[in-house]
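In case you want the letters, here they are:
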Amino acid sequence: MFPFSYEKAHSEQEAIAAAAAGARYIAGGTTLIDLMREEVERPERLVDINALALGGIRVEGSDLVIGALARMTEVAAHPDTLRLQPLVAESLIEGASPQLRNVASIGGNLLQRVRCPYFRMLDAPCNKREPGSGCSAIDGLNGGHAILGVSDHCIATHPSDVAVALIALDARMRVRGPEGERTFPVEELFRLPGDTPHLEHTLKPGELIVDVRVPGGPHSRRARYLKVRDRESYEFALVSAAVAMETEGGVIRSVRIACGGVGTRPWRMRASEAALIGKEPGRPAFDAAARLAADGARPASGNHYKVELLQRTIVRTLEMVGEMA
């Protein structure tokens, strides 16, 4: 057992000051507590942020604004989510067991650590856990690992489902920290591993996620999330795809595609999107677009199958959207 201190913040300023001094935020704790039990994470100081006014869901114009402390269950079942952003609701329901969804926060879900088994094995080299020690997955059991955005130092996938949907929908996040407030696309939260895989996100020391804003539009209500996994019950994605599409006059006017389970961060498929603009929805266009999705892929020894699975998942998700009224 490693000792740590625990305190409850009663204001954002108090929480930010504690985190800037080295404390770790904790809300639902569904990832951090697990990692502490396994001694992968050893924070010396925790600051509980559940008392902060960062929850709730509201509508501003056509945008859905989700508080960082809103629980996954609450967001997935909220009438405004179902009405304006059903893709967000679908990805949340696919993202965890009911017990976890009841306590896990949206902000915490975005910041969850990787599920690579070697990251959690203290006797296995892992550059995320111990920079410079090596990556056991590259020459180990890597069937579930990334094929996009990988480096010679890490091939772990980011596990969040809702992050995939939010990136497909061009969501933006607002954070506050010692230097004030800033807003940026959710996509920019996640770093590629490069030669510093232990640095997983772009938040500055002490920064606190305030909310996530999901812009509305004709595409947002014609959208689906498809998750392929080893078992139907709670499991992380081998491949997932979030697709939102707008058609007019029988052709595709806008489309957004993001995928999970294949990248070291949730992966936006911009080449595939561009290939679909102006095309008639249908298998020939979908197949051509899906082939572009694996450009630049670097499969490991055990996950070459993901290239074809990625392409098939994108095609099927596009078909599902095309079947919507």
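Below is a short write-up of the structure. (Residues numbered from 1 in each chain as written. Predicted model: local features only at pLDDT ≥ 70, side-chain atom pairs only at ≥ 80, totals over all residues. Heavy atoms only, no water.)

1. Re the pattern of salt bridges
Consideration 1: By the definition in use, this model includes 34 salt bridges.
Consideration 2: A salt bridge links Arg45 to Glu7; the nearest nitrogen and oxygen atoms lie 2.6 Å apart. Remark: Glu7 occurs in strand 1 (residues 5–8) and Arg45 occurs in strand 3 (residues 45–48); sequence separation between them is 38 residues.
Consideration 3: A salt bridge links Arg213 to Asp63; the nearest nitrogen and oxygen atoms lie 3.3 Å apart. Taken together, the positions of Arg213 in strand 8 (residues 208–214) and Asp63 in strand 5 (residues 63–67) put the pair 150 residues apart, joining distant regions of the chain.
Consideration 4: Using a relative accessible area of 16% as the deciding quantity, one classes Asp63 as buried.
Consideration 5: Connected through shared salt-bridge partners, Glu12, Arg58, Glu60, Asp63, Arg174, Arg176, Glu181, Asp211 and Arg213 make up one network. (Salt bridge = Lys/Arg side-chain N within 4 Å of Asp/Glu carboxyl O. Helix = DSSP H or I, 4+ residues; strand = E, 2+ residues; numbered from the N terminus. Buried < 20%, exposed > 50% of the residue type's maximum accessible area, 1.4 Å probe, protein only.)

2. Examining empty space enclosed by the protein
Consideration 1: The tally for this structure, following the rule as stated, stands at 2 cavities of 30 Å³ or more.
Consideration 2: Within this model, the largest cavity holds a volume of roughly 150 Å³.
Consideration 3: Lining the largest cavity are 17 residues, with Lys128, His158, Arg191, Glu200 and Thr264 positioned closest to its centre.
Consideration 4: For the lining of the largest cavity, the per-class residue count stands at 9 nonpolar, 4 polar and 4 charged.
Consideration 5: Looking at the second largest cavity, its volume works out to about 90 Å³.
Consideration 6: If you trace the second largest cavity, you find 16 residues lining it, with Cys116, Cys126, Asn127, Cys135 and Cys154 closest to the centre. (1 Å grid on protein atoms, 1.4 Å probe; cavity = no way out; pocket = protein on both sides within 12 Å on 5 of 7 lines; lining within 4 Å. Points joined across faces, edges and corners; volume = space filled by probe spheres on them. Nonpolar A, V, L, I, M, F, W, Y, C, P; charged D, E, K, R; others polar.)

Read these as geometric descriptors, not functional statements.
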